Amino acid sequence: MTVGIVGLGLIGGSFAQAATRAGHRVAAWNRTRATSERAVADGAAAAVLEEDMTSAAGRPDLYLVSLPPDAVVPWIDAHQFAFKSGAVVVDATGVKGTICTALRKYAYDDTPWTFVGGHPMAGKEVSGYANATPDLFADASMILTPYPSCGRGPLDMLEAFFRELGFGRVVFTTPEHHDEMIALTSQLAHVVSSAYIQDPLAKEHAGFSAGSFYDMTRVARLNPDIWTELFLDNRAALSSVLGGLVERLAAFKAALDAEDAPRLRELLDRGRAVIESMPPTYKSIARR
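Residues numbered from 1 in each chain as written. Predicted model: local features only at pLDDT ≥ 70, side-chain atom pairs only at ≥ 80, totals over all residues. Heavy atoms only, no water.

Novice: Before we move on, can you summarise the overall build of the protein chain with the specific residues and values?
Specialist: Assigned secondary structure in the protein chain consists of 11 helices and eight strands. Computed over the C-alpha atoms, the radius of gyration of the protein chain is 21 Å, within 12% of the 19 Å expected from 2.2 N^0.38 for a compact globule of 288 residues. Taken along the three principal axes of its C-alpha coordinates, the protein chain extends 70 × 40 × 35 Å. Counting all 288 residues of the protein chain, 42% fall into the buried class. Expressed as a percentage of contacts within the protein chain between residues at least 6 apart in sequence, the contacts between residues at least 24 apart total 69%. (Helix = DSSP H or I, 4+ residues; strand = E, 2+ residues; numbered from the N terminus. Rg over C-alpha atoms; globule rule 2.2 N^0.38 Å. Buried < 20%, exposed > 50% of the residue type's maximum accessible area, 1.4 Å probe, protein only. Contact = heavy atoms within 4.5 Å.)

Next comes the structure, spelled out in structure tokens:
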């Protein structure tokens, strides 16, 4: 299969390397052409994908659009007539509601290609093509948010393809459920990490910190432009889970200020009970 990779940052570059390793022909497109040419020179891609969506590797059967959130819809709109009939187009942004709503117009007309919202649950604290790796998706989840009009054919193909790239599971859901879950499992963690590291004492952590400090601060090293856009695109869901966290933190503070040991122990025990009730799959991921 010929796979078109659109955008060669960390995710797109890793997609290109993983797809090539899996035996697919990869054609790469990047706003900076030199990066596409580097991918070809590195062996991550077989050819550069041109603006008319043709390449020496052939016209792609599958496109993975790994652009910043605000660039995905304009890029797909601009190239809608260049996709070959039967092609499948998947984006890789961290918020699905805004993207899938804007592209719904292609789901219920005579569009000869299929769009499916996607989100690879993988990443690093660093970005850019230079940090891409074919193992980035090992055992990760690939979330797909197809429209109800999508047939099983494209979804079966995508599930098999993403497993070839190393994903441990492919999860099908709605854009709305994706966004509320990602608000909790990803976006809230980035907010907490950023707020936590801003404490004045954090600069003096050397000699006083171990794994807990690293776990809490790892994702504070983010791209503020991209994450600001993601937060605002998902502001309702993120505000809701953030509000719940603020309430729980306030309960801890009140117990401390009142020197209420039974209440403090109760709050801590609630958290312990929740984590102990998690399935084994969560615990294995948490240890990675």
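Novice: Talk me through the pairing of strand 6 (residues 114-120); I want residue IDs and the actual numbers.
Specialist: Of all seven residues making up strand 6, six are buried, and the element is well covered by its neighbours. In this view, the connection linking strand 5 (residues 88-91) to its parallel neighbour strand 6 by way of helix 4 (residues 97-102) has right-handed handedness. In the sheet, strand 6 pairs with strand 7 (residues 141-145) via four bridges, with the strands oriented antiparallel. Residue pairing for strand 7: P120 is matched across the bridge by M142. (Right-handed = clockwise from strand over helix to strand, strands pointing away. Pairing = 2+ DSSP bridges.)

Novice: Quick one: what's the story with the nonpolar core, residue by residue and with numbers?
Specialist: Counting residues in hydrophobic clusters, the biggest one holds 34 residues, and the most contacted among them are F15, L64, V90 and F162. Of all the elements in the fold, those that place two or more residues in this core are strand 1 (2-6), helix 1 (10-21), strand 2 (25-29), strand 4 (62-65), strand 5, strand 7 and helix 5 (152-164). Here this core takes six residues from helix 1, the largest share from any one element. With 25 residues, the next largest nonpolar core counts W29, V65, A87 and I99 among its residues. (Core = buried A, V, L, I, M, F, W, Y, C linked by side-chain atoms within 4.5 Å.)

Novice: Give a description of a nonpolar patch on the surface that names residues and reports values.
Specialist: On the surface, V274, I275 and M278 cluster together into a nonpolar patch covering about 220 Å² of accessible area. Here V274 shows up in helix 10 (residues 261-277). For V274, a relative accessible area of 46% puts it in the partly exposed group. (Patch = residues over 30% accessible without salt bridge, like charges linked within 9 Å, V, L, I, M, F, W, Y side chains within 5 Å. Areas by Shrake-Rupley, 256 points an atom, 1.4 Å probe, with all protein chains shown as cover. Salt bridge = Lys/Arg side-chain N within 4 Å of Asp/Glu carboxyl O.)

Novice: Just give me the short version of the pattern of salt bridges, but keep the residues and values in it.
Specialist: For the structure on display, the rule yields 13 salt bridges. When the shortest N-O distance is used, the salt bridge between K96 and D91 registers 3.0 Å. Of the two residues, K96 and D91, both sit in the buried class. Between E266 and R270 there is a salt bridge, with its nearest N and O atoms 2.9 Å apart.

Novice: Requested: an account of the sheet that holds strand 5, with residues and values cited.
Specialist: Strand order across the open sheet formed by eight strands is 3-2-1-4-5-6-7-8, with mixed pairing between neighbours. Looking at the sheet topology across the chains shown, the edges are occupied by strand 3 (47-48) and strand 8 (169-172). Where helix 5 meets the sheet, its contacts fall on strand 1, strand 4, strand 5, strand 6, strand 7 and strand 8, and the angle it forms with strand 8 comes to roughly 150°. (Axes fitted to C-alpha atoms, helices over the stretch in contact; angles between N-to-C directions.)

Novice: Tell me about unusual backbone geometry, and please be specific about residues and values.
Specialist: Within the chain, D139 stands out as a residue other than glycine whose phi angle is a positive 65°. Along the chain, D139 falls in the loop between strand 6 and strand 7. For D139, a relative accessible area of 57% gives the class exposed. A positive phi angle is found at E259, which is not glycine, with a value near 50°. Take E259: it is sitting in the loop between helix 9 (235-257) and helix 10. Taking the relative accessible area as the measure of exposure, E259 reaches 73% and is therefore exposed.

Novice: Tell me about the packing of aromatic side chains, residues and numbers included.
Specialist: Under the definition given, this model contains 14 aromatic pairs. Judged by centre distance (4.7 Å) and plane angle (25°), the rings of F15 and F137 are stacked. Of this pair, F15 sits in helix 1 while F137 sits in the loop between strand 6 and strand 7, and the two are 122 residues apart along the sequence. This pair shows no difference in class: F15 is buried, exactly as F137 is. (Phe/Tyr/Trp six-rings, centres within 6.5 Å; stacked < 30°, edge-to-face > 60°.)

Novice: Provide a residue-level description of the environment of V191, including the pertinent values.
Specialist: Mapped onto the secondary structure, V191 falls in helix 6 (residues 175-197). If near-sequence neighbours (up to four positions away) are discounted, V191 is found in contact with F231, L238 and L242.

Novice: Tell me about the packing of helix 9 against helix 10, and please be specific about residues and values.
Specialist: At a minimum axis distance of 8 Å, the contact between helix 9 and helix 10 shows a crossing angle of 150°. As the angle between them shows, helix 9 and helix 10 are arranged roughly antiparallel. Helix 10 is crossed by helix 9, and the crossing has left-handed handedness. For the pair helix 9 and helix 10, contact is made by A251, F252, A255 and L256 and by R263, L264, L267 and L268, respectively. (Parallel < 35°, antiparallel > 145°, perpendicular 65-115°, else oblique. Left-handed = near helix turned anticlockwise from the far one by under 90°.)

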